[in-house]
Amino acid sequence: MSQAIIYVNKNDADSIPKQAININIEDELNKETLLTSIAKAGDFPAYFGHNWDALWDCLIDTKIRYLQLDLADIEKINTEDFNMFKSIIEDAYRDFGQPQLWVIG
């Protein structure tokens, strides 16, 4: 596939690459929960700054090729924060060919 973000439903979740790193969000998706969850899932360094620029830096400095985010059970989504996250993924993919984000919804 040649796109940064791929949307699938629960029935097609088996199409997600097995090595995809799961970004575990429990109830609310916002900047804080996204950055905290991806830092943990991606084993980002302790000095990770928990901001969008730091996310960009870590994404391009790691070997993360695939990310998985399940939106099905999330109760509240901050669309501005989610759109910023997707924009960073798209920019990194355009510039470096990774990561791809698989969104289950």
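The structure this text deals with has already been given above.
Quick look at the structure, then. (Residues numbered from 1 in each chain as written. Predicted model: local features only at pLDDT ≥ 70, side-chain atom pairs only at ≥ 80, totals over all residues. Heavy atoms only, no water.)

Attention now moves to the overall build of the chain. In terms of regular secondary structure, the chain is built from three helices and six strands. The helix and strand sequence of the chain, counted from the amino end, reads β-β-β-α-α-β-β-α-β. Expressed along its principal axes, the backbone C-alpha trace of the chain runs to roughly 35 × 30 × 20 Å. The buried share among the 105 residues of the chain stands at 44%. (Helix = DSSP H or I, 4+ residues; strand = E, 2+ residues; numbered from the N terminus. Buried < 20%, exposed > 50% of the residue type's maximum accessible area, 1.4 Å probe, protein only.)

Peptide bonds are trans in most cases, and residues, glycine excluded, mostly fall at negative phi. The peptide bond linking Gln 98 to Pro 99 adopts the cis configuration, its omega dihedral lying at 0°. One non-glycine residue, His 50, adopts positive backbone phi at about 50°. With respect to the element layout, His 50 can be found in the loop between helix H1 (31-41) and helix H2 (52-61).

Before going further, it helps to spend a moment on the nonpolar core. It is characteristic of soluble globular proteins that their nonpolar side chains tend to be buried jointly. If you look at the biggest cluster of nonpolar residues, it comprises 28 residues, and the most contacted ones within it are Phe 44, Leu 55, Leu 69, Phe 85 and Leu 101. At the level of secondary structure, the elements contributing two or more residues to this core comprise H1, H2, strand E4 (66-70), helix H3 (79-96) and strand E6 (100-104). When sequence neighbours within four positions are dropped, the list of residues in contact with Phe 85 reads Ile 23, Leu 34, Ile 38, Trp 52, Leu 55, Leu 69 and Leu 101. Ranked by size, the runner-up nonpolar core spans seven residues in total, among them Ile 6, Val 8, Trp 102 and Ile 104. (Core = buried A, V, L, I, M, F, W, Y, C linked by side-chain atoms within 4.5 Å. Contact = heavy atoms within 4.5 Å.)

On the surface, a cluster of negative charge is made up of Glu 26, Asp 27, Glu 28, Glu 32, Asp 73 and Glu 75. For Glu 32, a relative accessible area of 62% gives the class exposed. (Patch = residues over 30% accessible without salt bridge, like charges linked within 9 Å, V, L, I, M, F, W, Y side chains within 5 Å. Areas by Shrake-Rupley, 256 points an atom, 1.4 Å probe, with all protein chains shown as cover. Salt bridge = Lys/Arg side-chain N within 4 Å of Asp/Glu carboxyl O. Lys, Arg positive; Asp, Glu negative; His and termini not counted. Charge placed at Lys NZ, Arg CZ, Asp CG, Glu CD.)

Further remarks concern the sheet that holds E6. Overall, parallel pairing links the four strands, which are arranged E1-E6-E4-E2 in an open sheet. Because the sheet does not close on itself, it has two edges, and the strands there are strand E1 (5-8) and strand E2 (21-23). Each strand of the sheet is rotated relative to its neighbour by a mean of 25°, with strand direction disregarded. (Pairing = 2+ DSSP bridges. Axes fitted to C-alpha atoms, helices over the stretch in contact; angles between N-to-C directions.)

Applying the stated criterion to the full structure yields two aromatic pairs. Residues Phe 44 and Phe 48 carry aromatic rings whose centres are separated by 5.1 Å and whose planes lie at 65° to one another, so their mutual orientation is edge-to-face. Residue classification places Phe 44 among the buried residues on the basis of a relative accessible area of 8%. (Phe/Tyr/Trp six-rings, centres within 6.5 Å; stacked < 30°, edge-to-face > 60°.)

Geometric values such as these leave the question of function open.
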